[in-house]
Amino acid sequence: MIDLRSGGTADLATVESLMAEAFDPRFGEAWTHGQCLGIMALPGVWLTIASVDGKPVGFALSRQIVDEAELLLLATAPASRRKGVAAALLRSVVTEAREKNALKLHLEVREGNEAIKLYRTAGFTKVGERRAYYRGNAGQTFDAFTFRRELT
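Cut-offs applied
- Residues numbered from 1 in each chain as written.
- Predicted model: local features only at pLDDT ≥ 70, side-chain atom pairs only at ≥ 80, totals over all residues.
- Heavy atoms only, no water.
- Axes fitted to C-alpha atoms, helices over the stretch in contact; angles between N-to-C directions.
- Helix = DSSP H or I, 4+ residues; strand = E, 2+ residues; numbered from the N terminus.
- Parallel < 35°, antiparallel > 145°, perpendicular 65-115°, else oblique.
- Left-handed = near helix turned anticlockwise from the far one by under 90°.
- Contact = heavy atoms within 4.5 Å.
- Nonpolar A, V, L, I, M, F, W, Y, C, P; charged D, E, K, R; others polar.
- Pairing = 2+ DSSP bridges.

Asker: Could you give me a rundown of the packing of helix 1 (residues 12-22) against helix 2 (residues 33-40), with the residues and numbers involved?
Answerer: As a packed pair, helix 1 and helix 2 sit with axes 11 Å apart at the nearest point and diverge in direction by 130 degrees. In terms of orientation, helix 1 lies oblique with respect to helix 2. The two elements helix 1 and helix 2 cross, and the hand of that crossing is right-handed. For the pair helix 1 and helix 2, contact is made by Leu12, Val15, Glu16 and Met19 and by His33, Cys36, Leu37 and Met40, respectively. Here the contact of helix 1 with helix 2 is composed, by residue class, of six nonpolar, one polar and one charged.

Asker: Just give me the short version of the sheet that holds strand 6 (residues 125-135), but keep the residues and values in it.
Answerer: An order of 1-2-3-4-5-7-6 is seen for the seven strands of this open sheet, with the pairing classed as mixed. Strand pairing shows two members of the sheet lacking a second neighbour, strand 1 (2-7) and strand 6, which therefore form its edges. Strand-to-strand twist in this sheet, taken as the mean axis angle between neighbours without regard to direction, amounts to 25 degrees. In this structure, strand 5 (residues 104-110) lies alongside strand 7 (residues 141-150), joined through seven bridges in antiparallel fashion. By the bridge assignment, Val109 is partnered in strand 7 with Phe145. Contacts between helix 1 and the sheet are confined to strand 2 (45-52), strand 3 (55-65) and strand 4 (68-76), with strand 3 contributing the most and set at about 105 degrees to the helix.

Right, here's the structure in full:
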């Protein structure tokens, strides 16, 4: 069973550990401690932690500004992939954004990321691209796709 709970700055070590496991450094998708701490201090930001048998296995970091929400980060530990964790986190973000009266939910994802299938299945549509958005650990760049889902 996947348990979801609200998180906060006290969970940053867990978030950082999960990012280190989940995000390949070749692609430059993980955030630094300072970036996470900075975003969490802003109004409208929320963190959801997913656990299985008491062990954190994923998280989603989101924010809302006026009537639009954005999924900033979503990560699942490799050993917990394809077990419904990411889908449960995404459903939770959609539900919370709706409860906060968001009309749209946005996200950006690296071109070629396997999560694109999850987002499309969840009703997201590609609405744009950002060239060279991600910078990997060897200096190479990767494009990002922008997706959106209507919440009305």
